[in-house]
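Observations on the model geometry
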Amino acid sequence: MNTLPLTLLAQEAAAADPGFWGGPGMQAFGLWVAVGFTLAIYTFLYRDNPVFKFAEHVFVGVSNGYLLCYTWFTVVKPMLVVPLWHAIRPPADKPLEANETLWLLVPAFLSLCMLMRFVPKAAWMSRWAFAFMVGTTSGVLIPLTVQAQIYKQLFPMLGGFVSRGGDTDAVLWVASLKSLLILIGVFAVLTYFLFSVEHKGPVRVFARTGIVFLMIAFGASFGYTVMARESLLIGRVKFLITQAGSEGKYRTFAMMAVVVALVAALEMLRVRATPPPAAEPAPPEAK
Amino acid sequence: MSPELKKMIPRWTVFGIIALAVTIPLVVGGSTRFPATPIVRGVYEEIEKLPEGSPILISSDFDPGSEAELEPMMNAILAHCWRRKLRVVVMSLCSANSMPLAEELVKKAAAEHKAEYGRDYALMKFLPGGTAPILTLGQSWSAILPKDYYETPVADLPAMKGITKLTDFPYMVCVASVATPDYWILAGNAKYGLKMGMGCTAVMATDYYPYISTKQVSGLIGGLAGAAQYEALVERPGLASSKMPTQSVVHVTLVLLILAGNILHFLTKKKGSAA
């Protein structure tokens, strides 16, 4: 769990009222909260429990509330509401520029159409906005996608896989081997997905090679995913360690005791409240 | 012992082993120097080629969820740019809360490198809309970004001197935890021929390898390992280098756990079939 939204909120509150919010007391309180919530999230490793649920709900609520306010104040208000307001009531110093912002009525109308999804009777209006988005995005992106993701990707393969370089224009064996491998990989994977031909004989061998390439790609992707998750874990543990020593006022140990005690108490209550399993009915006697 | 508890013990053992594998190297400390791969070197070499005083665009497209992975990368790139005395312009296409995070990271790095706002770097506003703002920036910068993050006209910022459109940047780096590199490749590189490099979370790295062999992207810094390699290139061991020993220990632990799991699985299977 990343507590940066909480930190950013605290910083903004500090900027608004440095006397109270920016004081060392509030900053220390922020760190206590961050340590406590990090540990509360990790209690999920034991099992789903009320302490985890509380931390999860607070995090989701704060993150969404923060993002909503920030989007309003940095995107919707300055990019749509204020220019439209200036178009209706032009400021004295820029009357001409204000009139040019009237075209913003179009995206404003389409945005309102999209929000009509929440009104069942007028939900059909959202289709206009979606149709506009799908149409313009396709128009803009299809040619660019063909150029960037098909043509430019095919070009190196079609241009021959023998790479040359250096002063003598000698063959670069490693680079050439790599290109050859990519070429074989592309054809083998495409053959694997070729369903109009029965996979037997040489086609089967080539399709099987395709599976090998796919498995290597999935393995590399999964390995990278594990590495990414490890990095996040390391980041959090590093934060907890910095708060565990005397410089961090032993916050980690103190909050760990509080969180463990809370989870244990709630778990005991859960076990007590759970009715004992009903006794199995005796098997019917054989006649 | 209840059967539920019996079931949980192997899980807890794995969690405990991983917790120790993460905590012990972090407590012991130290850092590792990683030799840079040609893929990471691709970004470094392009920045090295830029003449002193050139502008460089950094698209900071990540939010707090990926900070642990991308902050070291961002720090290393900024350090490199300011060491080369480049004018850094930071913007974001990711989400509204990516710019406050970028502001915090850039300001912290700027204080360390004595970079001055307006002269050595400038922060722009978050732009929603994916490829649309890139296409517009390619025609006119001031059409959608007439003012910076602090509402100062960009014309008043020395860091933005000579920038009228996207292609006035000789190079850009997209540091992302979402799909914004796709937008930059499609709209920035394919449409306007903008030279670019990228840094991303490890999860995303494999998706962008094909763009390197076609030279659409000059280089890629992937995850914490990529950041550690970049730190080694700029000779400034930082957050990534200090976290990499832990990452290596966890890797080895995971491999051993996978091997142990497989051996146990086959042994149990053999026992089951024998019975």
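Model, not experiment: these values are computed from the prediction.

Thresholds, definitions, all that
- Residues numbered from 1 in each chain as written.
- Chains lettered and ligands numbered in written order.
- Predicted model: local features only at pLDDT ≥ 70, side-chain atom pairs only at ≥ 80, totals over all residues.
- Heavy atoms only, no water.
- Axes fitted to C-alpha atoms, helices over the stretch in contact; angles between N-to-C directions.
- Helix = DSSP H or I, 4+ residues; strand = E, 2+ residues; numbered from the N terminus.
- Parallel < 35°, antiparallel > 145°, perpendicular 65-115°, else oblique.
- Left-handed = near helix turned anticlockwise from the far one by under 90°.
- Contact = heavy atoms within 4.5 Å.
- Nonpolar A, V, L, I, M, F, W, Y, C, P; charged D, E, K, R; others polar.
- Salt bridge = Lys/Arg side-chain N within 4 Å of Asp/Glu carboxyl O.
- Buried < 20%, exposed > 50% of the residue type's maximum accessible area, 1.4 Å probe, protein only.
- Buried area = accessible area lost by both parts, 1.4 Å probe.
- Polar contact = N/O pair within 3.5 Å; in protein donor to acceptor, adjacent residues only side chain to side chain.

Structural notes on the packing of helix H2 (residues 24-42) of chain A against helix H9 (residues 251-273) of chain A
Between two packed helices, what matters for the description is the angle formed by their axes and the separation of those axes. All names here are of chain A. One can describe the packing of H2 onto H9 by two numbers: an axis separation of 9 Å at closest approach and a directional angle of 50°. What the angle tells us is that H2 and H9 run oblique. Judged by the sense of rotation from one axis to the other, the crossing of H2 with H9 is right-handed. Of the residues in H9, those in contact with Ala28, Leu31, Trp32, Val35, Gly36, Leu39 and Ala40 of H2 are Arg251, Thr252, Ala254, Met255, Met256 and Val259. Here the contact of H2 with H9 is built from residues that sort into 10 nonpolar, 2 polar and 1 charged.

Section: the packing of helix H5 (residues 105-115) of chain A against helix H6 (residues 126-158) of chain A
Residues and elements named next belong to chain A. Where H5 contacts H6, the two axes come as close as 6 Å, and the packing angle between them is 120°. Considered as vectors, H5 and H6 are oriented oblique to each other. Relative to H6, H5 is oriented so that their crossing is left-handed. Across the interface between the two elements, Phe109, Leu110, Cys113 and Met114 of H5 pack against Ser126, Trp128, Ala129, Phe130, Phe132 and Met133 of H6.

Quick word on the pattern of salt bridges
Following the criterion strictly, the structure yields 16 salt bridges over all chains and no others. Here Arg270(A) makes a salt bridge to Glu267(A), at a shortest N to O gap of 2.6 Å. Residue Arg270(A) and its partner Glu267(A) are both found in helix H9; the two are separated by 3 residues, about one turn of the helix. Linking Glu116(B) and Arg119(B) is a salt bridge whose minimum nitrogen-to-oxygen distance equals 3.5 Å. Accessibility expressed as a relative area gives 43% for Glu116(B), which makes it partly exposed. Among the charged side chains, a salt-bridge network with shared partners connects Arg47(A), Glu267(A) and Arg270(A).

Observations concerning the interface of chain B and chain A
Often, the extent of an interface is quoted as the loss of accessible area upon association of its parts. Taken together, the contact pairs 54 residues of chain B with 42 residues of chain A. Summing the contributions of chain B and of chain A, the shared interface buries around 4100 Å²; its carbon and sulfur component is 68%. One can count 0 salt bridges joining chain B with chain A. Joining chain B to chain A, the criterion identifies 11 residue pairs in polar contact (both at pLDDT 80 or more). The biggest single contributor to the side of chain B that touches chain A is helix H1 (residues 3-28) of chain B, with 10 residues. Split into classes, the residues belonging to the side of chain B that touches chain A amount to 32 nonpolar, 14 polar and 8 charged.

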